[in-house]
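Each chain is listed here by its residues.
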Amino acid sequence: MQARRRLAVGALVTALFSQLLVGTAVAAPSAKTSSPGRIAWTPCEPPSDQGASGTFECATLKVPVNWKRPHGATVDLALARHLATDPERRIGSLLINPGGPGGSGVNFAFSAPDSFSPELLARFDIVGFDPRGVGRSNPVKCDEDLLNAQWQAMDPDSASSFAALRDANRALGESCRDLTGPLVDHVDTSSVVRDLDAIRAGLGEKRISYYGVSYGTLIGQQYAERYPNRIRAMTIDSNMDHSLGTWAYQKTNTIAVEESYGQFADWCARTRSCALHGRDARALFDSLYKRAEAGELVLPGDPPQKATPLDLQGIVVQYMYDPSDWFRFAQTLKDIDAADPASARSGKKHGEPTEFAYLPVLCQDYDLNVRSYATLARHERELARLAPVTRRSFIGWMDVTGCQNWPTKVTNPQDRLRVDGTPKILVTNSRYDVATPYSWGSNAARQIGREAAFLTYDGAGHGTYWLSPCARDAIDTYLLTLKTPRKGTHCPAVWPTGPTAQRQSPTGGLVNPLPELLGTGTYR
């Protein structure tokens, strides 16, 4: 949704659970289905609500459901591309992925004319694909009532409620299998990497250029491991760290949220047009959190809804993706602080099977098992000591609790990156990023080693390409010329100076597509 809406607590399930990015699916574009091999493209138009302009083509490509059984059942991957505007100077295809897991690469390609620089649009065909289980590529579907039941169980406070959470996760995961079929057991990133190489072959290119952001960086990282000689250029922006165990995953997420909220609070203190200017934003959040713990916090709306601590933490994360949202975030906190708890009621949402790729993918890529409620409770206490204002990361907590007792196997478990023989890979990260912490980017670059060039954006937010003119110029230069920035390059922070009507980034008038592709900054 583009318009912001007051938030019903029950609706947080879809809007907040997919903070690492779940997109909205639309009808598949008309296209021919290719047999394994070359891709058969046909002209197509983007959905009317995207308003994109340019020359687009669409296609589908068959790949095995299970790559260990290449001659077995298949799934059709949906693809879209924006053709290079200067075909005589075309370099090749730039494959892109917005992350998620669950973001639509097809929609990402449709957004290309507004989201990528004229230089990239001129020299590359911008190619997006919906990963298996996402959007137009046989989307994973789960029972919405069970999804809501799981949401209600996500914050256990006893051994019995932890057991109830495990039961809710198992029931939800089994519903995903029942409603989706066998594909749901094969949506891990290692399978997507095989799909990406099938797309490369289908394009007829020996080597690809790739730009992946957020969870799309994991696709890039593992592609570089498996196919180092099939890369021309690769930028991975706002990075996952697939080497982390359960505690390190929670800890780094939580520190990132605490530091990012601190940047917001400091910005508000020095910005007169911030709705909370003159107030202590840290103390305000502490007050709101305590009211949520006491069952006295309300989200304004029609009707107003009671909010839990987890609801409040989810709202914080939503607004931290892009500092252009901070004016609205300050007003939201002010409105919540003034809401009348007497008028609130508990929210509940029911519905049909709903698309939900987030946990089915994540829980096959990460083993986040917690042995007992006692262990989880100890983690929560330690996280609160690390982050005395925000207490914990919404994303980290939901990822860990959501994967307990998930019915599919962890087929792509954590491991350190082992990259050898690629060209230089450009790794970028914001210093303050609630979704992919800075430590993840720096650690990924260290694991990649001599093949990595690491660029730091010293500001806040997720997706450096749309947050920093300096970062965008470095990424463009690298993708076009293969010239990487100097070792230790830092790009200066860019802070919002006034509310904006749309998500126009500070990078040359481009529009940041991630909030719409990934579901952040919108209330559903």
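Right above here is the structure, for reference.
The text that follows walks through the structure, step by step, so that each part is easy to find.

Cut-offs used in this document
- Residues numbered from 1 in each chain as written.
- Predicted model: local features only at pLDDT ≥ 70, side-chain atom pairs only at ≥ 80, totals over all residues.
- Heavy atoms only, no water.
- Helix = DSSP H or I, 4+ residues; strand = E, 2+ residues; numbered from the N terminus.
- Buried < 20%, exposed > 50% of the residue type's maximum accessible area, 1.4 Å probe, protein only.
- Contact = heavy atoms within 4.5 Å.
- Disulfide = S-S within 2.5 Å.
- 1 Å grid on protein atoms, 1.4 Å probe; cavity = no way out; pocket = protein on both sides within 12 Å on 5 of 7 lines; lining within 4 Å.
- Points joined across faces, edges and corners; volume = space filled by probe spheres on them.
- Phe/Tyr/Trp six-rings, centres within 6.5 Å; stacked < 30°, edge-to-face > 60°.
- Lys NZ or Arg CZ within 6 Å of the ring centre and 35° of its normal.
- Nonpolar A, V, L, I, M, F, W, Y, C, P; charged D, E, K, R; others polar.
- Axes fitted to C-alpha atoms, helices over the stretch in contact; angles between N-to-C directions.
- Parallel < 35°, antiparallel > 145°, perpendicular 65-115°, else oblique.
- Left-handed = near helix turned anticlockwise from the far one by under 90°.

Re the overall build of the chain
- When its secondary structure is counted, the chain shows 18 helices and 15 strands.
- By residue count, 62% of the 524 residues in the chain fall in the buried class.
- The long-range share in the chain, meaning contacts at least 24 apart out of those at least 6 apart in sequence, stands at 80%.

Details of the state of the cysteines
- The full count for this structure, using the stated rule, is 5 disulfides.
- Each sulfur in the disulfide pair Cys142 and Cys176 lies 2.0 Å from the other. Between Cys142 and Cys176 the disulfide shows an S-S torsion of about 110°. By sign, it is right-handed. Residue Cys142 is found in strand S7 (residues 141-142), and its partner Cys176 is found in helix H6 (residues 159-180); the two are separated by 34 residues along the sequence. The pair formed by Cys142 and Cys176 is uniform in burial state, with each residue classed as buried.
- The residue that forms a disulfide with Cys268 is Cys274, at a sulfur-sulfur distance of 1.7 Å. Taking the sign of the torsion about the S-S bond as the criterion, the disulfide between Cys268 and Cys274, at about -65°, is left-handed.
- Counting its disulfide-bonded cysteines in sequence order, the chain shows a connectivity of 1-2, 3-4, 5-6, 7-8, 9-10.

Observations regarding the layout of surface pockets
- Put simply, the second largest pocket is a space of about 360 Å³.
- Lining the second largest pocket are 15 residues, and of these Lys68, Asp188, Ser190, Ser191 and Thr411 lie nearest its centre.
- Going through the elements one at a time, helix H7 (189-203) and helix H8 (216-226) are the ones with two or more residues in the lining of the second largest pocket.
- Counting residues per element, the lining of the second largest pocket draws most heavily on H7, which supplies 4 residues.

A few points about the packing of aromatic side chains
- What the rule picks out here adds up to 25 aromatic pairs.
- Measuring from centroid to centroid gives 5.6 Å for Phe116 and Tyr465, while their planes differ by 50°, and the two rings are tilted. Separated by 349 residues along the polypeptide, Phe116 in the loop between helix H3 (112-115) and helix H4 (118-123) and Tyr465 in the loop between strand S14 (452-460) and helix H17 (469-481) bring together distant segments of the chain.
- Here Tyr465 falls in the buried class, since its relative accessible area comes to 1%.
- Arg270 extends its terminal NZ or CZ atom over the ring of Trp495, reaching a point 5.3 Å from the ring centre.

Structural notes on empty space enclosed by the protein
- Scanning the entire structure with this criterion turns up 1 cavity of 30 Å³ or more.
- If you add up the space inside the largest cavity, you get close to 110 Å³.
- Looking at the largest cavity, it is lined by 16 residues, and the ones nearest its centre are Pro101, Pro131, Tyr215, Ile219 and Val361.
- Partitioning the lining of the largest cavity into residue classes produces 8 nonpolar, 7 polar and 1 charged.

Quick notes on the packing of helix H11 (residues 309-320) against helix H12 (residues 326-338)
- Viewed as axis vectors pointing N to C, H11 and H12 meet at an angle of 160°, and their least axial separation amounts to 9 Å. As far as their axial angle goes, H12 and H11 are roughly antiparallel. Handedness of the H11/H12 crossing: right-handed. Taken together, the residues of H12 that come into contact with H11 (itself represented by Ile315, Val316, Tyr319 and Met320) are Trp326, Arg328, Phe329, Thr332 and Ile336.
- Taken together, the residues of the contact of H11 with H12 break down into 7 nonpolar, 1 polar and 1 charged.

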